[in-house]
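Residues per chain, in single letters:
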Amino acid sequence: MDSNRRRILTASLAAAAAAGVPSLAFAAKSKSASAAAGLAPTPPMGWNSWNSFGPTITEAQALENADIMVAKLLPFGYNVFTVDIQWYEPNANSYEYRKDAELTMDQYGRLQPAPNRFPSAANGAGFKKLADQIHARGMKFGIHLMRGIPRQAVRLNTTILGTSLRAQDIADTKAICEWNGDMYGVDMTKPGAQEYYNSVFKQYAAWGVDFVKMDDMSRPYERNWPEVEAAHKAIAASGRPIVLSLSPGEMDLRWANHVPHYAQMWRISDDFWDEWRLLNDQFQRLENWNPVMGANSWPDADMLPLGRLALGARDTKFTPDEQQTLMSLWSIARSPLIMGGDLRHLDAKTLALLTNPEVLAVNQRSRDNHPHRADAGTRIWSARSADKRNLQYLALFNTSDAPTEIVFDLSRLDLGNRSVAVRDLWARRDQPAVRGALRITLAPHASTLLGLSA
């Protein structure tokens, strides 16, 4: 581990202990048990509706994208199909959340798909029929969930399933999301609180949900961690293996020994969109979280805003070089790969970017991934292949606004005194062998991803 990152993580964990962060001792002891559970042994890969449809996706649009995903992306491992936020709001029509919006809900305060947008959900069917269709296509089905209990349920004081308690008995009306007015928090010290979450995830299990992106969890995490643990317990009680993905927010590193034991992936930033500034910021975040990255423990740099975005209004603003840098960074750092663009407009160049098998192998089947000390305006990562070839991977990034030559001394990978074979993973083509050092000039915001063997 790089000494600077070791200092960051050590200081963060020391601060956590001083602050009385819960469950750290348990978390440290249970890491092997968590890994053995196998919910996400490799970084999840899939598609999510947010970048292209916002809160507005319909069942018809979902199935159109699912069919294309099966044909174009599933053969390369993209197998998690997720319907994002506001699937329970009948009148959602833009990226703006509507204050006091009417929500579709059952008598127990549990959100239900709006039947005008998801016709198969009529008559209380929920997402069962849509999930069945996604499963029949060979994929896993995911949905978005806001933390807490609907304000509408609290206003109506709905019954908590299986108890004599009601919504007002468990609601924390001071724990309010800053950007979405649908929910109140749940006070996990109150009787009935865990039962409410159990009822929600039991329903998801009955629908056939495989993946839950749970939102408003990290702003701040120190307030919301009891609900993270509640969701984890509810999934265990549901009887169905469900991957838990936490979103959004730049989580404090002092929680690095807590979150991996309750969720399989968690966002390390606010919403990531197609702006170089935001991409550049992800380098440091992925470096900081690298020490806790591993099986069933995936720091998530967020979805891939590629192709057609924003309700069809535009294509990605990333340049071709920036798009390759995005995929190279997510791959070498082993962030989940969740495509966000509208697959109905998937072009050949974006498809090639998403499906390069040699690059995907770095994301899915590499080990010892870590950053290296680098000069200002550059970033360097390396890793090893997980197979018997023991191929070494090297990712070089120019994060500056001018062309830059990067010189990498191969002795840093114990390859300094040998002739080293070089393969350009993006071009899928062998390059001339080198000895001693690599010298590569990269355009602004560009990158290269190489396979090295002696």
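The rules behind these values
Residues numbered from 1 in each chain as written. Predicted model: local features only at pLDDT ≥ 70, side-chain atom pairs only at ≥ 80, totals over all residues. Heavy atoms only, no water. Helix = DSSP H or I, 4+ residues; strand = E, 2+ residues; numbered from the N terminus. Rg over C-alpha atoms; globule rule 2.2 N^0.38 Å. Buried < 20%, exposed > 50% of the residue type's maximum accessible area, 1.4 Å probe, protein only. Phe/Tyr/Trp six-rings, centres within 6.5 Å; stacked < 30°, edge-to-face > 60°. Contact = heavy atoms within 4.5 Å. Polar contact = N/O pair within 3.5 Å; in protein donor to acceptor, adjacent residues only side chain to side chain. Axes fitted to C-alpha atoms, helices over the stretch in contact; angles between N-to-C directions. 1 Å grid on protein atoms, 1.4 Å probe; cavity = no way out; pocket = protein on both sides within 12 Å on 5 of 7 lines; lining within 4 Å. Points joined across faces, edges and corners; volume = space filled by probe spheres on them. Pairing = 2+ DSSP bridges.

S.K.: When you look at the overall build of the protein chain in this model, what are you seeing that I'm missing?
M.R.: When helices and strands are counted, the protein chain shows 13 helices and 21 strands. Here the protein chain has a C-alpha radius of gyration of 22 Å; the compact-globule value for 454 residues is 22 Å, and the two agree. Taken along its principal axes, the extent of the C-alpha atoms in the protein chain is 75 × 50 × 40 Å. Within the protein chain, the proportion of its 454 residues that are buried is 58%.

S.K.: Explain the packing of aromatic side chains to me, please; I cannot follow it from the model alone.
M.R.: Working definition: an aromatic ring pair is given by the centre-to-centre distance plus the angle between the planes. One pass over the structure, following the stated rule, counts 19 aromatic pairs. Between Trp50 and Tyr95, the aromatic rings sit 5.0 Å apart at their centres with planes inclined by 85 degrees, giving edge-to-face as the arrangement. Taken together, the positions of Trp50 in helix H3 (residues 50-53) and Tyr95 in the loop between strand E2 (80-83) and helix H5 (128-136) put the pair 45 residues apart, joining distant regions of the chain. Ring centres of Tyr204 and Trp207 lie 5.4 Å apart, and the angle between their planes is 35 degrees; this geometry places the pair in the tilted category. Of this pair, Tyr204 and Trp207 both sit in helix H8 (residues 193-207), separated by three residues, roughly a single helical turn. Each of the two residues, Tyr204 as well as Trp207, counts as buried. Three or more aromatic residues link up through ring pairs in this structure, and these residues are Trp87, Tyr88, Phe118, Phe127, Phe141, Phe201, Tyr204 and Trp207.

S.K.: Mind showing me how you'd approach the environment of Thr42 here?
M.R.: Checked against the element boundaries, Thr42 lands in the loop between helix H2 (24-37) and strand E1 (45-48). Note: C-alpha distance between Thr42 and Ala71 (29 residues apart in sequence) is 22 Å. Once residues lying within four places of it in the same chain are set aside, the contact partners of Thr42 are Trp298, Arg334 and Gln364.

S.K.: So what exactly am I meant to see when it comes to the side chain of Glu358 here?
M.R.: Structurally, Glu358 is set in helix H13 (residues 357-364). One polar contact links Glu358 to Arg423, side chain to side chain, over a distance of 2.8 Å. Discounting residues that sit within four places of it in the chain, Glu358 has contacts with Arg423, Leu425 and Arg428.

S.K.: Can you walk me through unusual backbone geometry in this structure?
M.R.: Apart from glycine, the bulk of residues carry a negative phi angle, and the bulk of peptide bonds sit in the trans form. Looking along the chain, the bond that leaves Arg219 and enters Pro220 is cis, with omega of -5 degrees. Take Pro220: it is sitting in the loop between strand E7 (211-215) and helix H9 (221-238). A positive phi is found at Asp368, a non-glycine position, where the angle reads about 55 degrees. Relative to the assigned elements, Asp368 resides in strand E14 (residues 366-372). Assessed through its relative accessible area of 43%, Asp368 is described here as partly exposed. At His445, a position not held by glycine, the phi torsion is positive, near 65 degrees. With respect to the element layout, His445 can be found in the loop between strand E20 (437-442) and strand E21 (447-453).

S.K.: I'm lost on the packing of helix H11 (residues 320-332) against H13 in this one. Help?
M.R.: Packed helices, taken two at a time, are described by the angle their axes make and the gap between the axes. Interaxial distance between H11 and H13 falls to 7 Å at its minimum, and their mutual angle equals 35 degrees. Seen from H11, the contacting residues are Met327, Trp330, Ser331 and Ile332; seen from H13, they are Val359, Val362 and Asn363.

S.K.: Would you explain empty space enclosed by the protein in this entry?
M.R.: In this approach, a probe sized like a water molecule rolls over the atoms, and the result shows the empty space that is left. One pass over the structure, following the stated rule, counts two cavities of 30 Å³ or more. Taken as a whole, the largest cavity spans an internal volume of roughly 110 Å³. Taken together, Asn48, Thr82, Phe211, Lys213, Ser245, Ser247, Met265, Arg267, Asp300, Asp302, Met303 and Ile338 make up the lining of the largest cavity. The set of elements that each furnish at least two residues to the lining of the largest cavity consists of E7 and strand E9 (265-267).

S.K.: How should the sheet that holds E1 be read in this particular structure?
M.R.: Whether parallel or antiparallel, the strands of a sheet pair through hydrogen bonds between backbone atoms. Taken together, eight strands build an open sheet; the order of strands is E10-E9-E8-E7-E3-E2-E1-E13 and the sheet is parallel. Two strands lie at the open edges of the sheet, namely strand E10 (298-300) and strand E13 (337-339), each paired on one side alone. Here the strands of the sheet are splayed against their neighbours by 25 degrees on average, with no regard to which way each runs. Inspection of the sheet shows E1 paired to E2 by three bridges, in the parallel sense. Paired with Asn48 across the two strands is Thr82, which belongs to E2. Strands in contact with H5 are E2 and strand E3 (140-146); relative to E3, the strand with the most contacts, it is inclined by about 140 degrees. Strands in contact with H8 are E3 and E7; relative to E3, the strand with the most contacts, it is inclined by about 155 degrees.

S.K.: Where do I start with helix H12 (residues 348-355) in this structure?
M.R.: Think of an α-helix as turning once every 3.6 residues; residues three or four places apart then point the same way. Among the residues of H12, Thr350, Leu353, Leu354 and Thr355 are the ones counted as buried. For H12, the N-terminal capping position is held by Asp347, with its side-chain oxygen 3.1 Å away from the main-chain nitrogen of Lys349.

S.K.: Sorry, what's going on with the pairing of E14 here?
M.R.: In terms of strand pairing, E14 meets strand E15 (residues 378-385) through five bridges, oriented antiparallel. Bridging from a neighbouring strand, His370 pairs with Ser382 of E15.

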